[in-house]
Amino acid sequence: MNTYDLIMKKRNGGVLNKDEIAYIVDGFTKGSIPDYQMSALLMAIYFKGMNAEETTNLTMSMADSGDRLDLSAIKGRKVDKHSTGGVGDKTSLIVGPILASLGVPVAKMSGRGLGHTGGTIDKLEAIPGFSTSISEEAFINQVNTVGLSIVGQTANLAPADKKIYALRDVTATVDNISLIAASIMSKKLAAGADAIVLDVKVGTGAFMKDIEGARALAETMVSIGKLAGRDVTAVITDMNEPLGNNIGNMLEVAEAVDCLKGNGEARLMEVSKVLACHMLIKAGKADNEKESLEMVNRVIDDGSAFAKMKEFVSAQGGDATCLDDYSALCKTDYSYTVTGKDLFEATSFDSTIGYLKTCDNQEVGMASLELGGGRRTKEDVIDLAVGIILNKHLGDEISADDTVATLYANDEGKLKAATKRFINAYSVSDKKCDKNPIVYEVI
Ligand code: URA
């Protein structure tokens, strides 16, 4: 086989067979296929696409490029969740303790934030002492004793994806449905769960900007899962504005705590509960949504989900007392309160009352990054305390002196730049605006 011929075949619209895809993935992972040839092939795939069989073969080859986690020592049916990424998405921190407190083992490998999106591992590392890299044995033991462990992805889990993603990131080939589906599903299949609930985000803060794209991605991932013998459901949820009120690592841990205590923002609570309900059904703990919702509400109301969060944090070396009082960990030197007046001025809005109409959510994520809460490159060091607290959401009425949001930083220059970016991300209307649905479809 010859890489040049395979690039040409795809460039001309041909279909790569299983052996050809395996040759490429194996060769690139081991270094015998250079970056420039893989880049050309990725661009050919970007323009010519891959059919369902090619996408599945690509996923399987990537999943087999490293270790597959063996979760057989964990008792019970293992259900994983994965979000395609967004701004303010802290649902794993809410759903994990809920499920564990209901007896569903959660053995989760999560990622770090990159660009405008956050990552669960960074959020957990905002808790003093919390370790996200424990041995595989300790991980499995913790799931058996506590019911929940969340760790960073091990280096040898789908290493092909790490190399391919790094190349896609710098060759403008990220936003292709086959490549995204193969990237996500290869890691999920290698991570070993019996069933997977996917949270496919759609909107201005997501990879998929429209519902058609989100649906196609969801359907592709569900069908790959089925072909691989896994039980997969995808829930398409809104990312046209941040999820919940808080953006930023410790601020998101704090908001997850509020949710587990039953005081969460409505849209965040809804997404978290929908995901938890689907996971409970997949785990065989509930027969239908009504029953699963009663179970979820019960463990929030009686405090057992929050108690499980503390147990999980302690088990991984974290200081669980900071979940009772997180104020010191969210303290920053500078803050700026964005008012309705700021938005009115920026948009030349000529009225005393308006409605939040649109949000360029990617820009809100970038404002949080600008504050120091995210990274542009994998090597950037992040400030875990900084972030944004929203007081208003799309569709809300605002007057000039209303607080829309507060931005927190430890550097005045960063605060200024981020505030400008945040304010410019919104538009205001003089007419009432509908709120977006939070859950669009279940596939
Ligand atoms: N998340 C991933 O893990 N891979 C992609 O390609 C996109 C989002």
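Residues numbered from 1 in each chain as written. Predicted model: local features only at pLDDT ≥ 70, side-chain atom pairs only at ≥ 80, totals over all residues. Heavy atoms only, no water.

Enquirer: Give me the lowdown on the nonpolar core, citing residues and values where you can.
Expert: Judged by nonpolar contacts, the single largest core of 82 residues is most densely connected at Ile-98, Ile-388, Phe-422 and Tyr-426. With 8 residues, the single largest contributor to this core is helix H12 (residues 266-282). Of the residues that make up this core, three or more belong to each of domain 2 (79-327) and domain 3 (331-429). (Core = buried A, V, L, I, M, F, W, Y, C linked by side-chain atoms within 4.5 Å. Buried < 20%, exposed > 50% of the residue type's maximum accessible area, 1.4 Å probe, protein only. Helix = DSSP H or I, 4+ residues; strand = E, 2+ residues; numbered from the N terminus. Domains from an automatic or database assignment.)

Enquirer: Provide a residue-level description of the sheet that holds strand E7 (residues 334-339), including the pertinent values.
Expert: Pairing within the open sheet is antiparallel, and its 4 strands lie in the order E6-E9-E11-E7. Where the open sheet ends on each side, the last strands, each with one partner, are strand E6 (246-247) and E7. Contacting E6, strand E9 (387-390) and strand E11 (403-409), helix H16 (residues 361-373) runs over the sheet at an angle of about 135 degrees to E9. (Pairing = 2+ DSSP bridges. Contact = heavy atoms within 4.5 Å. Axes fitted to C-alpha atoms, helices over the stretch in contact; angles between N-to-C directions.)

Enquirer: So what's going on with the side chain of Glu-255? Which residues, and what values?
Expert: Looking at the secondary structure, you find Glu-255 in helix H11 (residues 249-260). On the accessibility criterion, Glu-255 (3% relative accessible area) is buried. The residues contacting Glu-255, other than those within four sequence positions of it, are Lys-90, Leu-243, Gly-244, Asn-245, Asn-246, Glu-265 and Leu-268.

Enquirer: Can you break down helix H4 (residues 52-63) residue by residue, with the values?
Expert: Here H4 is 12 residues long and its end C-alpha atoms lie 16 Å apart, about the 16 Å a rise of 1.5 Å per residue gives. With 9 of 12 residues buried, H4 lies mostly within the body of the structure. Along H4, the residues classified as buried are Glu-54, Thr-55, Thr-56, Asn-57, Leu-58, Thr-59, Ser-61, Met-62 and Ala-63. Looking at the buried positions of H4, the neighbouring elements they touch are helix H1 (3-11), helix H2 (18-30), helix H8 (159-170), helix H9 (177-190) and helix H10 (211-227). (Expected span 1.5 Å × (residues − 1).)

Enquirer: Would you mind going over the domain arrangement of the protein chain in detail, with residue names and values included?
Expert: Along its sequence, the protein chain is carved into domain 1 (3-49), domain 2 (79-327) and domain 3 (331-429). Once you take the C-alpha centre of each, domain 2 and domain 3 turn out to be 25 Å apart. Taken together, the contact pairs 26 residues of domain 2 with 28 residues of domain 3. For the pairing of domain 2 and domain 3, the buried interface totals around 2,100 Å² over both sides, and the portion due to carbon and sulfur atoms is 52%. Of all residues in domain 2, His-116, Glu-241 and Ile-247 bury the most surface against domain 3, accounting for 25% of the area lost on that side. Measuring nitrogen to oxygen at the nearest pair gives 2.9 Å for the salt bridge that ties Arg-375 to Asp-122. One can count 16 residue pairs in polar contact (both at pLDDT 80 or more) joining domain 2 with domain 3. At the level of elements, helix H6 (120-125), E6 and H11 are the ones that each hand at least two residues to the side of domain 2 that touches domain 3. (Buried area = accessible area lost by both parts, 1.4 Å probe. Salt bridge = Lys/Arg side-chain N within 4 Å of Asp/Glu carboxyl O. Polar contact = N/O pair within 3.5 Å; in protein donor to acceptor, adjacent residues only side chain to side chain.)

Enquirer: Break down the site of the ligand for me, with residues and values.
Expert: Every residue near the ligand is listed here: Tyr-165, Arg-168, Ile-180, Ser-183, Ile-184, Lys-187 and Phe-207. Separating an oxygen atom of the ligand from a side-chain N or O atom of Arg-168 is a distance of 2.9 Å. Ser-183 is positioned such that a nitrogen or oxygen atom in its side chain is 2.6 Å from a nitrogen atom of the ligand. Counting only elements with at least two residues in the shell around the ligand, the list comes to H8 and H9. Ranked by residue count, the leading element in the shell around the ligand is H9, at 4 residues. The class makeup of the residues in the shell around the ligand is 4 nonpolar, 1 polar and 2 charged. (Near = heavy atom within 4 Å. Nonpolar A, V, L, I, M, F, W, Y, C, P; charged D, E, K, R; others polar.)

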